[in-house]
Amino acid sequence: MRRNALRLGALFTALFLACAPAVLDGGPTVAAAPSPGSEHHKLLVPPGVAPTDKDLDGIARKVIQDPMGQELHLAVERFQQLLIAPPNTSVAFFDFGWMVNSPDLPDWLKDSYPHFLGEFTDQVRSPSTAPAWKYPLHGRMLDAENYFYEDLFEELGVRPTDSYGNDQVLALATGSRGDNRHSEDAMDEFMSRTLDDALRRTARTPAQLQETAEIIKVIKGHSGAGIAGQRSYCNVCAPKVGKAGYRFRNELFIVKFDKRGSPQAKLANSTLKQLPVKLAKEYKKQDEKAATEAVNKVGLTSSCPLGGTAQTMDLAALSRSGPCGGGKSGLAGALSSPDYGGVDFSTLQLRYLSDDADSGVRYAFSAKAAEKGLEQDSRSGRSSLIGSMADLRTWLVLSPDKFWVNLNPAEPDRIIDSALGRTNAGRALLEADWRMKRTQGKLLDPGTSFGAEYWRKLGGSGGRSCYSSRMWIVPGKVEVREDGSSLYVLKAALDVKAKAEKVAGLGRSGCNADPAETARNERLEQEMVVPKIAKAVNTDPEYAALRQAFLARVVAQWILDRHAAGHTTSFDKLIGSGDLGPATLDGSWEPKQVYSDYVRSINEGDFTYQRTTRVGNKIITYVMRTGGVDFSTLRPDKLSSAEMGRQVPRLPRTVRQSADRPTTAADGSVWLADSATPPQIGTWERIRGFLGGTTGILVVVVVALAILLLFVRDGSALRRKATE
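Residues numbered from 1 in each chain as written. Predicted model: local features only at pLDDT ≥ 70, side-chain atom pairs only at ≥ 80, totals over all residues. Heavy atoms only, no water.

Undergrad: When you look at the pairing of strand 7 (residues 349-356) in this model, what are you seeing that I'm missing?
TA: Along any regular strand, the residues point their side chains to alternate faces of the sheet. A large share of strand 7 lies buried, amounting to seven of its eight residues. The pairing of strand 7 with strand 8 (residues 360-367) spans seven bridges and is classified as antiparallel. In the strand pairing of strand 8, Q349 is matched with S366. Where strand 7 lies against strand 11 (residues 486-500), three bridges are found, and the strand directions are antiparallel. Residue pairing in the sheet places Y352 in a bridge with Y488 of strand 11. (Buried < 20%, exposed > 50% of the residue type's maximum accessible area, 1.4 Å probe, protein only. Helix = DSSP H or I, 4+ residues; strand = E, 2+ residues; numbered from the N terminus. Pairing = 2+ DSSP bridges.)

Here it is in structure tokens:
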């Protein structure tokens, strides 16, 4: 009897647990009334339902946990700052990657896709024509290298860049204006106008221009990757959207729209009025977890409760001073403040690390101050923070002889080390190599003044000039200040090398120029081209991920050197372990994608690799380019305290203050710091760590020799005594 009662109780408990998530999480997601072409449709609040306060918490959680929902929340917050906030906001996501191989588009457009994408991106950033009416608008091409967009790209089912590394997914936020101008109307106005402007700048003949209207219809019908809105389509907008040809594969709406004054409209308005505070609170949690997630990448442990109880993270997270000690750190405070602490998060870089056995791990990032009017969200900062720590782990767990990438058509099996190819750092290196080839191609276009000057100077005989070379990226001038258990990175520049080299595997004849001519052309490249490429690598936004990875490489080298010298570090268990853990890339990216794009570009005769052009009376052929990135060797210059003080006065004080609040250094950079508690290391582990270092090995050798000498001496004495 008692056993049956227990079984019945267990059954009821199981049923309750099965049903509880729907109750506690704001109710089930409704998949009703999707628009034509939609594959995934979500309506978070069922029609006719008045959510309780607890339900609203669950709804807010669902919105923020959904990547499209996050974009919607940020768009609503942005538009709330307007003088007249729109009653409805939606965010549409458009993917243009399908255009390259579409049978529905003319060949001239498919062949000119990179040009079209560049023109479209320029129009999004700086429109050449004004909107037909004023409406809330915020459009941008999504940064493929932002860590926090990975889930969004996966949800949308898109490839974020084209074969040249150009971003090709648009996020377009629009708001309604008045009774007759809905957010969907604004979306269509923007897309029609911007596509027309971009296509007119891409077309080259009158016949091509005449095709633009039909092309726009095709693009609208195929590019809709997703849409998220506060309200679902109204009865007027739904047919409008369909008539315009839009088909969105993914849809997310919070409430169902209904005509003004209806019971459903009142319920929807009440729900949306109560949600903003809860959404902001839920989103803020993402910022507060950023530092925790970041150090989770490098194996630190935490007894700091995130939800009120002690917990252990997958890899060891972090015990931060903010949540456990009261106030927020300077880094966490800036990430969660309304103005982001006045920091341009797109420039965030790891520049300081201290690893002390008594005080734990302290780290600091520097960034440029935000310029007036800069539009950003904290995810760019979170992406830099987490990406930097993932890169740091990569450089610690892998051997330096793996720190290279190589794009060469003749070496398809030597693109990148297999382990490095599974990391964010490896991706940054390989894509930077590919981007460098594109930078070269644009720079040397004979249609530009610089390119024309270069071609004129390129030496040749018999009316012909041919030159091929290899260009690759290596560490440049690196300056650090080591102060006991602390490291300051003052400078971490990248350098570009170039040398003449016959390019094999191109499927066409290479250059067989005179050696003297080749030497002259090599000097010309080094004097004219290399400085401009190096400047781009060190300053252009498209190389930001490479610079982030390199700074982590500098910090990792210091940790490795300290470990080798016998110092106990907080990272000893990671060093050389090969355990990538959470530094392993999520998503579908593979090195072969980059290599395939590279080879396809060569086979299709893309100007980035080979161009034969008549300049005056000379025919020039420029074959480019093998290359690579090599971070295997790093030799930083070590500065004295006085030298650091001359470069950035009072920097140690700035770093200390930045633990509490964003602090501006003497050079104008803004510093943000946080701290972590390393795992407890026992006495035997400390001894073993010491003995594993260079100093420890020397001590072992000295002690062993002393014992050996003592044994020899005592053995001789015993033998003498035995013979007496």
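There is more to say after this.
Undergrad: I keep staring at the sheet that holds strand 6 (residues 250-255) and nothing clicks. Help me out?
TA: Sheets are built from strands that pair by backbone hydrogen bonding, the pairs being arranged parallel or antiparallel. Spatially, six strands are ordered 1-6-5-2-4-3 in an open sheet, and the strand pairing comes out mixed. The open sheet has two edge strands, strand 1 (40-43) and strand 3 (137-141), and neither has a second partner. Between one strand axis and the next, the sheet turns by 10° as a mean value, whatever way the strands run. Summarising the sheet, strand 2 (residues 89-95) and strand 5 (residues 224-231) pair through five bridges and their orientation is antiparallel. Paired with F94 across the strands is G224, a residue of strand 5. In the packing of helix 5 (residues 113-125) onto the sheet, the strands contacted are strand 3 and strand 4 (169-175), and the crossing angle to strand 3 comes to about 150°. Of the strands in this sheet, strand 2 and strand 5 are in contact with helix 9 (residues 212-223), which crosses strand 5 at around 70°. (Axes fitted to C-alpha atoms, helices over the stretch in contact; angles between N-to-C directions. Contact = heavy atoms within 4.5 Å.)

Undergrad: How should the confidence of the model for the protein chain be read in this particular structure?
TA: Regions with low pLDDT should not have their predicted coordinates read in detail. Mean pLDDT over the protein chain works out to 80, with 75% of the residues at or above the 70 mark. Put simply, helix 13 (residues 321-325) is where the protein chain has its lowest mean pLDDT, 40, and strand 2 is where it has its highest, 97. Confidence drops under a pLDDT of 50 for residues 6-32, and excluding neighbours within four residues, the segment shows 28 contacts in the predicted structure. Taken as a whole, residues 715-723 scores under 50 in pLDDT and shows zero contacts with residues more than four places along the chain or in a different chain. (pLDDT = per-residue confidence, 0-100.)

Undergrad: How do you make sense of the environment of A213 when you look at a structure like this?
TA: Counting through the fold element by element, A213 comes out in helix 9. Among the residues examined, A213 registers a relative accessible area of 53% and is labelled exposed. Considered as a pair, A213 and D196 are 17 residues apart in the sequence and their alpha carbons are 7.6 Å apart.

Undergrad: In this structure, what is going on with the pairing of strand 8? I would like to understand it.
TA: Burial analysis of strand 8 places seven of its eight residues in the buried class, which makes it a mostly covered element. As paired elements, strand 8 and strand 16 (residues 670-676) share seven bridges and run antiparallel to each other. Bridge pairing in strand 16 links S366 to W671.

Undergrad: Help me out: how do you make sense of helix 18 (residues 515-539) in this one?
TA: The first and last C-alpha atoms of helix 18 sit 35 Å apart over 25 residues, in line with the 36 Å expected at 1.5 Å per residue. Within helix 18, the axis deviates most sharply at V529, by approximately 40°, and proline P531 lies no more than four positions further along. Within helix 18, the full set of buried residues consists of E517, N521, L524, E525, M528, V529, V530, I533, A534, A536 and V537. (Expected span 1.5 Å × (residues − 1). Bend = angle between axes of the 7 residues up to and from the residue.)

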